[in-house]
Amino acid sequence: MKAGIFVEAGKIETQDLPKPEIKAPTDAILKIVRTCVCGSDLWWYRGISKRQLNSQVGHEAIGIVESVGSQVTNVKPGDFVIAPFTHGCGHCAACLAGFDGDCMTKTDSEIVGYQAEYLRFKNANWALVKIPGQPEDYSDEQLNDLLTLADVMATGYHAAKSAEVKAGDTVVVMGDGAVGLCGVIGAKLLGAKRIIAMSRHEDRQKLATAFGATDIVPERGDAAVKHVLEMTDGAGADAVLECVGTEQSVDTAVKVGRPGSIVGRVGVPQKAEMNTNDLFWRNIGLRGGIASVTTDDRQVLLDAVLKGEIHPGKVFTKHFDLDHIEDAYAAMDKREAIKSLLVVSA
């Protein structure tokens, strides 16, 4: 099968690998329909963070179940499914509490890559999310919407949910990548009245507005803090969605929230330490982490997509196939694409 391989920083290749096989009774083998490149992939692509060389890549996909292990009863061959980047078991304390991104059931350490023709999916019995019908029942735009539910839309929603966004709130969204843009959608779903998107790129500003942002702040750092406070009569936001992960973004997120607000943090941390004293002196809460993909897809997001209430698939601004996976990464690295889509099969 064709699969994307991380050769070294700045180099992704399509290689021919053996098709994956079921190794555990809780596995399923999926034929991938669509997958994509994530902003978090760029950290190791750029050499900022480390990743095992010559390993498979990708963690978002929709596909068709081809075969299942002996303990998988909730999905069957032929089912059309969302393959979350989380592989929750559904029965540990974390999954039962609704935090399947922190599933406590250990699986083997094999790196499974979603940017491929086939995928071995672990904990398939609970973690896979069934989509009604088959891929041919949906338009290209709808398939793209469904693909975002494997990670980016669920992660944006997790930021809003972690920040406890409620009806009538003023919300600041840090980050104008695909996660931040989906955070705008998440904040709107939860009833935010005013959504301030922090963005300095015109294409992303337009998409943020289309998704529900009411205001745009292009500045960064202290200038951004000043702008937000001016817009909110010095009060700050009721909730802040931190969707970047850098030290500056987290620092700004804390400073633009009003006393008693909550920062919902989903940007992958890029620094091991953070000064939490500012949280203490202003009674600001900090929550968030790995998204609860399966839980939130089943409870809210899949239904919202199927009803046409949200269209997160618009974050895919360039399309590629597996033979041009290097171009897909380069397009995002150069900010020529908000998010790169990889069409694997019809």
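Residues numbered from 1 in each chain as written. Predicted model: local features only at pLDDT ≥ 70, side-chain atom pairs only at ≥ 80, totals over all residues. Heavy atoms only, no water.

Chemist: Teacher, can you tell me more about the overall build of the chain here?
Modeler: Across its full length, the chain holds twelve helices and 16 strands. Relative to the compact-globule value of 20 Å for 346 residues, the chain shows a C-alpha radius of gyration of 20 Å, a close match. With the C-alpha coordinates aligned to their principal axes, the bounding extent of the chain is approximately 60 × 40 × 40 Å. Split into buried and exposed, the 346 residues of the chain put 54% on the buried side. Considering only residue pairs separated by 6 or more positions, the chain has 69% of its internal contacts joining residues 24 or more positions apart. If you sum the accessible surface of the chain, you get close to 14700 Å²; carbon and sulfur atoms cover 50% of it. Here the chain carries 37 positive and 46 negative side-chain charges, and the mean point of each set is 3 Å from the other. (Helix = DSSP H or I, 4+ residues; strand = E, 2+ residues; numbered from the N terminus. Rg over C-alpha atoms; globule rule 2.2 N^0.38 Å. Buried < 20%, exposed > 50% of the residue type's maximum accessible area, 1.4 Å probe, protein only. Contact = heavy atoms within 4.5 Å. Areas by Shrake-Rupley, 256 points an atom, 1.4 Å probe, with all protein chains shown as cover. Lys, Arg positive; Asp, Glu negative; His and termini not counted. Charge placed at Lys NZ, Arg CZ, Asp CG, Glu CD.)

Chemist: Help me understand the side chain of Thr170, please; the structure alone is not making it clear to me.
Modeler: Structurally, Thr170 can be placed in strand 9 (residues 170-174). When neighbours within four sequence positions are excluded, Thr170 is seen to be in contact with Arg194, Ile196, Thr232, Ala237, Asp238 and Ala239.

Chemist: I tried to follow the layout of surface pockets on my own but got confused; where do I start?
Modeler: To find leftover empty space, one rolls a probe the size of a water molecule over the atoms. In this structure, the second largest pocket occupies an estimated 230 Å³ of space. Around the second largest pocket sit 14 residues that line it, and Glu247, Val250, Asp251, Met274 and Asn275 are the ones nearest its centre. With four residues, the single largest contributor to the lining of the second largest pocket is helix 9 (residues 247-256). A breakdown of the residues in the lining of the second largest pocket according to their chemical character gives four nonpolar, four polar and six charged. (1 Å grid on protein atoms, 1.4 Å probe; cavity = no way out; pocket = protein on both sides within 12 Å on 5 of 7 lines; lining within 4 Å. Points joined across faces, edges and corners; volume = space filled by probe spheres on them. Nonpolar A, V, L, I, M, F, W, Y, C, P; charged D, E, K, R; others polar.)

Chemist: Even after reading the chapter, I still don't get the packing of helix 5 (residues 152-162) against helix 6 (residues 178-189), so can you show me in this structure?
Modeler: Between two packed helices, the angle of one axis relative to the other and the distance separating the axes together describe the packing. Running from amino to carboxyl end, helix 5 crosses helix 6 at an angle of 55°, the nearest separation of the two axes being 7 Å. Taken as axis vectors, helix 5 and helix 6 run oblique relative to one another. Relative to helix 6, the crossing made by helix 5 is right-handed. Packed against helix 5, whose contacting residues are Val152, Met153, Thr155, Gly156, Tyr157 and Ala160, the element helix 6 presents Ala178, Val179, Cys182, Gly183, Ile185, Gly186, Ala187 and Leu189 at the interface. Across the contact of helix 5 with helix 6, the residue classes tally to ten nonpolar, four polar and no charged. (Axes fitted to C-alpha atoms, helices over the stretch in contact; angles between N-to-C directions. Parallel < 35°, antiparallel > 145°, perpendicular 65-115°, else oblique. Left-handed = near helix turned anticlockwise from the far one by under 90°.)

Chemist: In this structure, what is going on with the nonpolar core? I would like to understand it.
Modeler: The tendency in soluble globular proteins is for nonpolar side chains to be buried side by side. In this structure, Ile62, Leu146, Leu241 and Val315 are the most contacted members of the largest nonpolar core, which totals 53 residues. If we ignore the near neighbours within four places in the chain, the residues touching Leu146 are Ile62, Phe80, Ile82, Ile131, Tyr138, Leu302, Val305 and Leu306. Core analysis: the next-biggest nonpolar cluster, separate from the first, contains 18 residues, Ile32, Ala61, Ala124 and Val344 among them. (Core = buried A, V, L, I, M, F, W, Y, C linked by side-chain atoms within 4.5 Å.)

Chemist: Looking at this structure, how should I read the environment of Pro84?
Modeler: If you trace the backbone, Pro84 turns up in the loop between strand 6 (80-83) and helix 2 (93-96). Residues in contact with Pro84, not counting those within four places in the same chain, are His59, Tyr114, Phe121, Ala127, Leu128, Val129, Ala150, Val293 and Thr294.

Chemist: What's the story with the pattern of salt bridges in this structure? I'm lost.
Modeler: Side chains bearing opposite charge may pair, as long as their charged atoms lie close to each other. Evaluated as defined, the whole model comprises 22 salt bridges. For the salt bridge of Lys161 with Asp296, the shortest nitrogen-to-oxygen distance reads 2.9 Å. Here Asp296 lies in helix 11 (residues 293-306) and Lys161 lies in helix 5, a separation of 135 residues in the sequence. Asp296 gets classed as buried once you look at its relative accessible area, which sits at 0%. Each of Lys23, Asp27, Asp108, Glu110, Arg120 and Lys122 takes part in salt bridges that share partners, so that together they form one network. (Salt bridge = Lys/Arg side-chain N within 4 Å of Asp/Glu carboxyl O.)

Chemist: Help me understand the packing of aromatic side chains, please; the structure alone is not making it clear to me.
Modeler: How two aromatic rings sit relative to each other is set out by the distance from centre to centre and by the angle between their planes. One pass over the full model with this rule turns up five aromatic pairs. When the ring of Trp44 is compared with that of Tyr329, the centres are 5.9 Å apart and the planes differ by 50°; the resulting orientation is tilted. With Trp44 in helix 1 (residues 41-45) and Tyr329 in helix 12 (residues 325-333), the pair connects residues that are 285 residues apart, well separated along the chain. Given a relative accessible area of 0%, Tyr329 falls into the buried group. Between Phe280 and Trp281, the aromatic rings sit 4.9 Å apart at their centres with planes inclined by 90°, giving edge-to-face as the arrangement. On the basis of relative accessibility, which here comes to 59%, the residue Phe280 falls in the exposed class. For Trp281, a relative accessible area of 67% puts it in the exposed group. The positively charged end of Arg298 is found above the aromatic ring belonging to Trp126, 5.1 Å away from the centroid. (Phe/Tyr/Trp six-rings, centres within 6.5 Å; stacked < 30°, edge-to-face > 60°. Lys NZ or Arg CZ within 6 Å of the ring centre and 35° of its normal.)

Chemist: Even after reading the chapter, I still don't get the sheet that holds strand 2 (residues 11-16), so can you show me in this structure?
Modeler: Two modes of strand pairing occur in sheets, parallel and antiparallel, and in both the strands are linked by backbone hydrogen bonds. Across the sheet, three strands lie side by side as 2-1-4; this open sheet has antiparallel pairing. What marks the edges here is a single partner per strand, and that holds for strand 2 and strand 4 (55-56). Both strand 1 (residues 2-8) and strand 2 contribute to a ladder of six bridges, which runs antiparallel. Counterpart to Lys2 in the pairing with strand 2 is Asp16. (Pairing = 2+ DSSP bridges.)

By themselves these figures say nothing about function.
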